[in-house]
Amino acid sequence: MDGVGKEGEGKEKREEKVKDISLKDLSRKQEEFAKARDWEQYHTPRNLLLAMVGEVGELSEIFQWRGEVLKGLPNWEETDKEHLGEELSDVLLYLIRLADICGIDLGEAANKKIVKNAIKYPLPKGV
Ligand SMILES: Nc1ccn([C@H]2C[C@H](O)[C@@H](COP(=O)(O)OP(=O)(O)OP(=O)(O)O)O2)c(=O)n1
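- The name recorded for the protein chain in an unreviewed UniProt entry is dCTP pyrophosphatase 1, from Protea cynaroides.
- Turning to the protein chain, the UniProt record has this under Subunit (unreviewed entry): "Homotetramer."
- Recorded under Subcellular location (unreviewed entry), the UniProt text for the protein chain is reproduced unchanged: "Cytoplasm, Cytosol".

In structure tokens, the structure reads:
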């Protein structure tokens, strides 16, 4: 995808503005990240699942003890919002990598699941 950089020789593009990015783009970036560090050996299904669950725990900590949180997080500090974005990303990146390593096309699977959900939970009559 245009605007999505690869890791270059020793130099990483740390932040890039991308208009839109697909699950496949993220999956490719994760693969490159692991390959470049020789970490593919550690990216096994079980390890990735445990890593993801760990990140879900970190995500939960952000909400812990705050009481109810309003949509859009109007009262949150920018640094807290940034932290939330990071933890959400960690969960997503491990999930994408887990799907990839398991040979699951996550975009396709999720799309199929949405269709299945709509059949299981039909619209109320008159809507
Ligand atoms: N073996 C690894 C280690 C890290 N990562 C990537 C995926 C996550 O996006 C992020 C996780 O990095 P950390 O384990 O350092 O976790 P945090 O970023 O949450 O740091 P901390 O736990 O110190 O807050 O790095 C990865 O793909 N494979």
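After that view, the rundown keeps rolling.
### A closer look at the site of the ligand
So, step 1. Residues in close proximity to the ligand include Phe33, Trp39, Tyr42, Glu58, Asp90, Leu93 and Tyr94, which together make up its full environment.
So, step 2. Among the elements that make up the shell around the ligand, the one with the highest residue count is helix 3 (residues 78-101) (3 residues).
So, step 3. In terms of residue class, the shell around the ligand is built from 5 nonpolar, no polar and 2 charged.

### Structural notes on unusual backbone geometry
Generally, phi is negative for residues other than glycine and the peptide bonds are trans, each holding for most cases.
So, step 1. Here the phi dihedral of Trp65 falls at roughly 70°; this positive angle occurs in a residue that is not glycine.
So, step 2. Residue placement: Trp65 occurs in the loop between helix 2 (45-63) and helix 3.

### Description of the packing of helix 2 against helix 3
So, step 1. Across the interface, helix 2 lies against helix 3 with an axial gap of 9 Å and an inter-helix angle of 160°. Put simply, helix 2 runs roughly antiparallel to helix 3. Considering how the two elements wind past one another, helix 2 and helix 3 form a crossing that is left-handed. Of the residues in helix 3, those touching helix 2 at Pro45, Leu48, Leu49, Ala51, Met52, Glu55, Val56, Glu58, Leu59 and Ile62 are His83, Leu84, Glu87, Leu88, Asp90, Val91, Tyr94, Leu95, Arg97, Leu98 and Ile101.

### Notes on helix 3
Given 3.6 residues per helical turn, the α-helix brings residues three or four places apart onto the same face.
So, step 1. A rise of 1.5 Å per residue sets the reference length of helix 3, with its 24 residues, at 34 Å; its end C-alpha atoms lie 34 Å apart and thus fit the reference within 8%.
So, step 2. In this structure, the buried residues of helix 3 make contact with helix 1 (23-36), helix 2 and helix 4 (106-120).

Calculation notes
- Within every chain, residues take consecutive numbers counted from 1 along the sequence as written.
- In keeping with the model being predicted, local features are shown solely for residues with a pLDDT of at least 70 and side-chain atom pairs are shown and tallied solely at 80 or more, while totals for entire chains, interfaces and linings include all residues.
- UniProt positions are given in the numbering used here, feature names are shortened, and annotations may be inferred rather than shown by experiment.
- Any residue qualifies as near a molecule or strand once its backbone-derived C-beta atom lies within 6 Å of it.
- We count a stretch as a helix when DSSP gives it H or I for four or more residues in a row; a strand needs E for two or more, and each element gets its number in order from the N terminus.
- Residue polarity follows a fixed list, in which Ala, Val, Leu, Ile, Met, Phe, Trp, Tyr, Cys and Pro are nonpolar, Asp, Glu, Lys and Arg are charged, and the others, Gly among them, are polar.
- Geometry is summarised by axes, namely lines fitted to C-alpha atoms with helices restricted to the contacting stretch, and by angles between N-to-C directions that run from 0 to 180 degrees.
- When describing relative orientation, an angle under 35 degrees is termed roughly parallel and one over 145 degrees roughly antiparallel, while 65 to 115 degrees is termed roughly perpendicular and anything else oblique.
- Here a crossing is called left-handed whenever its near helix is offset anticlockwise from the far helix by less than a right angle, and right-handed whenever the offset is clockwise.
- Placing a C-beta atom from the backbone of each residue, one calls two residues in contact when those atoms lie within 7 Å.
- Expected helix span is computed as 1.5 Å times (number of residues minus one).

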